[in-house]
Amino acid sequence: MSSNREEELVKFIVRPENFDTALEISERFPQAVRRLQSKFWSKLEQRLEKVMAQSPKEFKGWECDLTEGDTRTDYFSISLTPKTSSSAKRYCCPCLQQRTDASKFQLFYGIVWSEEVSSEPRIAEYNALKRKVREDLKLTNGEGWWVGGTLLPDCLTKPETLRQLSRDDSLERLQADQLVGLFKDTRELLEKLNQALLKK
């Protein structure tokens, strides 16, 4: 924003007839941001569930799982999770999550473990998945919970993202399509690994 534009806005705000309204808006603005943030995750879940319902064979054995936190402080994440997850000690799945408030809730996506892994399993199925994710798909950030992932340019509390979220659901569609694409690229390898982990 140019300095002239900023000065015009300040002059407008401090006028007696405008100040009370401006003050009320400023007090409610964080609440509006959190509402847009929650709306993003809710719309994304709806989009993924719709895509999965339209192609039941393609997503057989998998379901959409949204983990909600406090929009002010916590992680949100959404993943395509194997339906056998309740009986599995650990498994891998595609996931999109927001980082912390310090990063303005930057989005991160990739293939994630269901629990933090201190040492990687020494089995062929895992090596094949890791090679696909890190070398072919270039999702090279793999540590802790992640087989491989990458930071995305979108930060949920940046002004340009908030404007987009207030206008339409294009970001939700984009992220849903990206997560589905990752699922399709890795499904066969994920299922082989998760099946092997069930037997261990």
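Nothing here was measured: the structure is a model prediction, and the numbers come from that model. (Residues numbered from 1 in each chain as written. Predicted model: local features only at pLDDT ≥ 70, side-chain atom pairs only at ≥ 80, totals over all residues. Heavy atoms only, no water.)

The final tally for this structure, using the stated rule, is 7 salt bridges. Where D177 meets R47, a salt bridge forms, and the shortest distance between an N and an O atom there is 3.5 Å. In this pair, D177 sits in helix 5 (residues 170-199) while R47 sits in helix 2 (residues 16-54), placing the two residues 130 residues apart along the sequence. Classification of D177 as partly exposed rests on a relative accessible area of 44%. Owing to a relative accessible area of 27%, R47 belongs among the partly exposed residues under this scheme. The network of salt bridges with shared partners includes E120, K130 and R134. (Salt bridge = Lys/Arg side-chain N within 4 Å of Asp/Glu carboxyl O. Helix = DSSP H or I, 4+ residues; strand = E, 2+ residues; numbered from the N terminus. Buried < 20%, exposed > 50% of the residue type's maximum accessible area, 1.4 Å probe, protein only.)

To continue, consider the layout of surface pockets. In this structure, the largest pocket occupies an estimated 430 Å³ of space. Forming the boundary of the largest pocket are 21 residues, of which C95, Q97, V112, W145 and W146 lie nearest the centre. Every element with two or more residues in the lining of the largest pocket is listed here: strand 1 (62-67), strand 2 (77-82), strand 3 (92-98) and strand 4 (106-113). Class assignment for the residues of the lining of the largest pocket results in 10 nonpolar, 8 polar and 3 charged. (1 Å grid on protein atoms, 1.4 Å probe; cavity = no way out; pocket = protein on both sides within 12 Å on 5 of 7 lines; lining within 4 Å. Points joined across faces, edges and corners; volume = space filled by probe spheres on them. Nonpolar A, V, L, I, M, F, W, Y, C, P; charged D, E, K, R; others polar.)

For the rest of this paragraph, the subject is the environment of E58. Its location among the elements puts E58 in the loop between helix 2 and strand 1. When sequence neighbours within four positions are dropped, the list of residues in contact with E58 reads F183, K184 and R187. (Contact = heavy atoms within 4.5 Å.)

Our next topic: a nonpolar patch on the surface. On the surface, V10, F12, I13, V14, F19 and L23 cluster together into a nonpolar patch covering about 510 Å² of accessible area. Elements with a contribution of two residues or more to the nonpolar patch: helix 1 (3-14) and helix 2. In terms of residues, the nonpolar patch owes the most to one element, helix 1, which gives 4 residues. Inspection of the secondary structure assignment puts F19 in helix 2. Here F19 falls in the partly exposed class, since its relative accessible area comes to 38%. (Patch = residues over 30% accessible without salt bridge, like charges linked within 9 Å, V, L, I, M, F, W, Y side chains within 5 Å. Areas by Shrake-Rupley, 256 points an atom, 1.4 Å probe, with all protein chains shown as cover.)

Turning our eyes to something else, we now look at the packing of aromatic side chains. This structure, assessed with the given rule, holds 6 aromatic pairs. Ring centres 6.0 Å apart and planes at 25 degrees place the aromatic pair W41 and F76 in the stacked group. Taken together, the positions of W41 in helix 2 and F76 in the loop between strand 1 and strand 2 put the pair 35 residues apart, joining distant regions of the chain. Judged by its relative accessible area of 0%, W41 is buried. On the basis of relative accessibility, which here comes to 1%, the residue F76 falls in the buried class. (Phe/Tyr/Trp six-rings, centres within 6.5 Å; stacked < 30°, edge-to-face > 60°.)

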